[in-house]
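Descriptive analysis of the structure
Chain by chain, the residues run as shown.
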Amino acid sequence: METKSPWIAVVDDDAAICRALVRLLRSAGLSARAFPTGAVFLQAITEQHPCCVILDVHMPEMTGLDVQARLATLAPEIGVILISGHPKPQEQFRALHQLPLAYLQKPVNDQLLLDAIAQVYPQGSLP
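Quantities reported herein were computed from a predicted structural model and do not represent experimental measurements.

Sites flagged by UniProt as "domain: Response regulatory" (unreviewed entry) map to residues 7–121. Helix makes up 43% of residues 7–121 and strand 20%. Its end C-alpha atoms lie 8 Å apart.

Take the nonpolar core next. Phe41, Val53, Leu71 and Leu82 are the most contacted members of the largest nonpolar core, which totals 22 residues. Among the secondary structure elements, those contributing two or more residues to this core are strand 1 (8–11), helix 2 (38–44), strand 3 (52–56), helix 3 (64–74) and strand 4 (79–84). In this structure, Leu24, Ile83, Val108 and Tyr121 belong to the second largest nonpolar core, which totals 21 residues.

The set of residues buried in helix 5 (residues 110–118) consists of Leu113, Ala116 and Ile117. Across the axial projection of helix 5, the buried residues extend over an arc of 100°, all falling on one side. Buried residues in helix 5 make contact with strand 1, helix 1 (15–27), strand 3, strand 4 and strand 5 (102–105).

Sites flagged by UniProt as "modified residue: 4-aspartylphosphate" (unreviewed entry) map to Asp56. The topology assignment puts Asp56 in strand 3. Every residue in contact with Asp56, bar those within four places of it in the chain, is listed here: Val11, Asp12, Asp13, Thr63, Gly64, Ile83 and Lys106.

Here helix 1 spans 18 Å end to end across 13 residues, near enough to the 18 Å set by a 1.5 Å rise per residue. Within the span of helix 1, buried status applies to Cys18, Leu21, Val22, Leu24 and Leu25. Taken around the axis of helix 1, the buried residues stretch over an arc of 160°, which confines them to a single face. Exposed residues lying more than 90 degrees from the buried face of helix 1 are Arg23, Arg26 and Ser27. Where helix 1 is buried, its residues meet strand 1, strand 2 (32–35), strand 3, strand 4 and helix 5.

A separate point is the pattern of salt bridges. It is possible for side chains bearing opposite charge to pair when their charged atoms get close. What the rule picks out here adds up to three salt bridges. For the salt bridge of Asp56 with Lys106, the shortest nitrogen-to-oxygen distance reads 3.1 Å. Of this pair, Asp56 sits in strand 3 while Lys106 sits in the loop between strand 5 and helix 5; the two residues are 50 residues apart in sequence, bridging distant segments of the chain. The same class applies to Asp56 and to Lys106, which are both buried. Arg94 serves as the salt-bridge partner of Asp66, at 3.2 Å between the closest nitrogen and oxygen. Of the two residues, Asp66 sits in helix 3 while Arg94 sits in helix 4 (residues 89–97), which places them 28 residues apart along the sequence.

What follows is about unusual backbone geometry. The residue after Lys106, namely Pro107, is reached through a cis peptide bond having omega -5°. With respect to the secondary-structure elements, Pro107 resides in the loop between strand 5 and helix 5. In this structure, Glu61 takes a positive phi of about 70° despite not being glycine. For Glu61, the location among the structural elements is in the loop between strand 3 and helix 3. Even without being glycine, Leu99 reaches a positive phi, approximately 55°. On the secondary structure map, Leu99 appears in the loop between helix 4 and strand 5.

Rules used in this analysis
Residues numbered from 1 in each chain as written. Predicted model: local features only at pLDDT ≥ 70, side-chain atom pairs only at ≥ 80, totals over all residues. Heavy atoms only, no water. UniProt positions renumbered as here; feature names shortened; annotations may be inferred. Helix = DSSP H or I, 4+ residues; strand = E, 2+ residues; numbered from the N terminus. Core = buried A, V, L, I, M, F, W, Y, C linked by side-chain atoms within 4.5 Å. Buried < 20%, exposed > 50% of the residue type's maximum accessible area, 1.4 Å probe, protein only. Arc of directions from axis to C-beta. Contact = heavy atoms within 4.5 Å. Expected span 1.5 Å × (residues − 1). Salt bridge = Lys/Arg side-chain N within 4 Å of Asp/Glu carboxyl O.

Rendered as C-alpha cells:
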C-alpha cells in the first residue's frame, strides 16, 4: 500500500545522523522516517513506499549498496541517495551502476541533499 502523502526514509546505523537528517528534512517541510538498518527498512516498505531513501553506504550486516541492489528489483520507483563518511572508488562505481539520485559525502551538504530529493518528490508537493 502506498502512502497518500510522500515521505523520505533515512537509513543509517548512526542514530545521531538519522536524527540530524530527519530534522533537516522536517525543517524543509518534508515528511521523514528513520530506520536503524537496511533490513528494518526493507521490512517496513512492504506496507508503504517512500518516494526516496537516503542510505548510509557503510552499515553492518546489510550495507547501503546491498539495500540499493535489493530496491532495484523490489521497488525501482524509489529514488536512492547514498551517503558515505569514507567514500571508496570501488563502492562509488558500484553505487553509480544502479543510477542513484546522488552519492554524497558526509557531512552532507544540505542543499545538495534537498536538490536530489526534489528530483523525485511529487511535483507541486515540495515546499
